[in-house]
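Examination of the molecular architecture
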Amino acid sequence: MATAPLGDIEIAYEVDGPDDGQLMLLLMGLGTQLVAWPAEVVDGLAAAGFRVIRLDNRDIGLSSRTPGPPPRRSEVMRAFVHRRAARSDYLISDMASDAVALLDHLGVDVAHVVGVSMGGMIAQQLTIDHPTRVRSLVSIMSNTGNRKAGRVSPRLLPTMAMSLTTPRPTDEEEAVRLGVEGWRVIAGPLFDADEIEVQVRQAVARSVNPLGTVRQLLAILASPDRTAGLHEVTVPTLVVHGLADRLVVPSGGIATAQAVPGSRLLMFPDMGHDLPRPRRAEIVEAIVRNAARAHAVDSART
C-alpha cells in the first residue's frame, strides 16, 4: 500500500497487474475500503493484462479524514428529504478530482474506470468532468443522482436510520459482527457470511471511521443530478446492476444506461448490493469486453 500527497489530502492506493498493462481504476462505494474489491475481480482483471489501481476514497481507510465538527443527525435526515437541505464538506465531483489527481501523481494520462455504488457515481462524474482521462466507463449498482431512480427501498430505510443513529461499538468482535450483518442486509441471495467476515476483519484491522461514512453520505445527497452530463458521455459504457438490490433499486442502473448513449446494461437476478462470487467471472469478462470496445474505437480512428 502507498499514499499519494494530493494537495490538502492524502489518498491511499494499491496497484496490481503487469507494469505494461492498460490502466484500470477501481472506485469503491460508501464507507468501503479498497480491500472490499474481491480478489477474483482484481486478479481477473490483472490476468487479462490490466494494471489495476485501487484507492481509499477520502474519509475512509488510510486516506485523509476531513477535519471539523461532525455532522448532526438532524442534518443527515434533512438531506435525505431534499437535496437543497444537504450540507456537505465536499461533493462527488471533489472525489472525482481526487481520483484524477491520483492518476496525475502516478503519471497516468488515461485509464479505464470502474466504480461500484458511490464509486459508480464518482466514475460517472470523473467521465463527465474529465472526458479525456477516461477510455471506458463501468458503473455498477449505482444511479445518476436523479432521486426518482435508484432510491433506497422503503423497507430498508428503518435499518439505515438505525445504523446512522446507533453509537459504534468499541469492541472489535462486535464491530465485525455488525459489519457482517450490515452486508447481509444489502446483499442478495448469494451472500457468503464467511467470506464477508474475512473482508470485514481486514477492514476493521486497517481502519474504522464511521464519521467518514456519514460525510461521504452527505456528499452523495448534496451532489447534483448527473443525467444531463451523462448524455454527453461518448466512451464505451457498461452498466451492471442486481435485480435484488434494495440499497440502490434497479431503476438506478436502468436510468444510468438510458442516460449514456450507446451504453450496455447487464442485470443479474440473483445479485443485490454486492459482488457475489458466482457472478464475478461474468462481471470481469463484461468489464474486459467493454474495455475492448474502447480499443476497437482507437483502432478505427487510426
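Small disclaimer: the values here were computed from a predicted structure and weren't measured.

1. Quick word on the side chain of Thr-227
With respect to the helices and strands, Thr-227 occurs in helix H9 (residues 227–230). Among the polar contacts made by the side chain of Thr-227, one reaches the side chain of Asp-225 at a distance of 2.6 Å.

2. Concerning the layout of surface pockets
One number sums up the size of the second largest pocket: a volume of about 330 Å³. For the lining of the second largest pocket, the elements supplying multiple residues, two or more each, are helix H1 (39–47), helix H7 (193–206) and helix H11 (277–301). Here the lining of the second largest pocket is built from residues that sort into 16 nonpolar, two polar and six charged.

3. Describing the pattern of salt bridges
Where side chains of opposite charge bring their charged atoms close, a pairing between them can arise. By the definition in use, this model includes 18 salt bridges. We note a salt bridge from Glu-40 to Arg-277, for which the minimum N-O separation is 3.1 Å. Of this pair, Glu-40 sits in helix H1 while Arg-277 sits in helix H11, and the two are 237 residues apart along the sequence. On the accessibility criterion, Arg-277 (44% relative accessible area) is partly exposed. Between Asp-89 and Arg-215 there is a salt bridge, and its shortest N-O distance comes to 2.7 Å.

4. Focus: the packing of aromatic side chains
This structure, assessed with the given rule, holds zero aromatic pairs. Sitting over the face of the ring of Tyr-90, Arg-58 holds its NZ or CZ atom 4.7 Å from the ring centroid.

5. A few points about the environment of Pro-70
Among the structural elements, Pro-70 can be located in the loop between strand S4 (50–55) and helix H2 (73–81). The exposed category is assigned to Pro-70, whose relative accessible area is 53%. Between the C-alpha atoms of Pro-70 and Arg-215, which are 145 residues apart in sequence, the distance is 8.1 Å. The contact partners of Pro-70, leaving out residues within four places of it in the chain, are Leu-211 and Arg-215.

6. Regarding H7
Given a rise of 1.5 Å per residue, 14 residues ought to cover 20 Å, and the 20 Å separating the end C-alpha atoms of H7 matches this to within 8%. Along H7, the residues classified as buried are Ile-196, Gln-199, Val-200, Ala-203, Val-204 and Arg-206. Considered in projection along H7, the buried side chains sweep an arc of 160° and stay on one side of the axis. Exposed residues pointing more than 90 degrees away from the buried face of H7 are listed as Asp-194, Val-198 and Ala-205. Each element contacted by the buried residues of H7 is listed here: helix H6 (172–186).

7. Concerning the environment of Gly-115
Considering the arrangement of structural elements, one finds Gly-115 in strand S5 (residues 111–116). Judged by its relative accessible area of 0%, Gly-115 falls in the buried class. As for Gly-115 and Leu-25, which are separated by 90 residues in sequence, their C-alpha atoms are 8.2 Å apart. Not counting chain neighbours up to four residues away, the residues in contact with Gly-115 comprise Leu-27, Gly-120, Ala-123, Val-138, Ser-139 and Ile-140.

Rules used in this analysis
- Residues numbered from 1 in each chain as written.
- Predicted model: local features only at pLDDT ≥ 70, side-chain atom pairs only at ≥ 80, totals over all residues.
- Heavy atoms only, no water.
- Helix = DSSP H or I, 4+ residues; strand = E, 2+ residues; numbered from the N terminus.
- Polar contact = N/O pair within 3.5 Å; in protein donor to acceptor, adjacent residues only side chain to side chain.
- 1 Å grid on protein atoms, 1.4 Å probe; cavity = no way out; pocket = protein on both sides within 12 Å on 5 of 7 lines; lining within 4 Å.
- Points joined across faces, edges and corners; volume = space filled by probe spheres on them.
- Nonpolar A, V, L, I, M, F, W, Y, C, P; charged D, E, K, R; others polar.
- Salt bridge = Lys/Arg side-chain N within 4 Å of Asp/Glu carboxyl O.
- Buried < 20%, exposed > 50% of the residue type's maximum accessible area, 1.4 Å probe, protein only.
- Phe/Tyr/Trp six-rings, centres within 6.5 Å; stacked < 30°, edge-to-face > 60°.
- Lys NZ or Arg CZ within 6 Å of the ring centre and 35° of its normal.
- Contact = heavy atoms within 4.5 Å.
- Expected span 1.5 Å × (residues − 1).
- Arc of directions from axis to C-beta.

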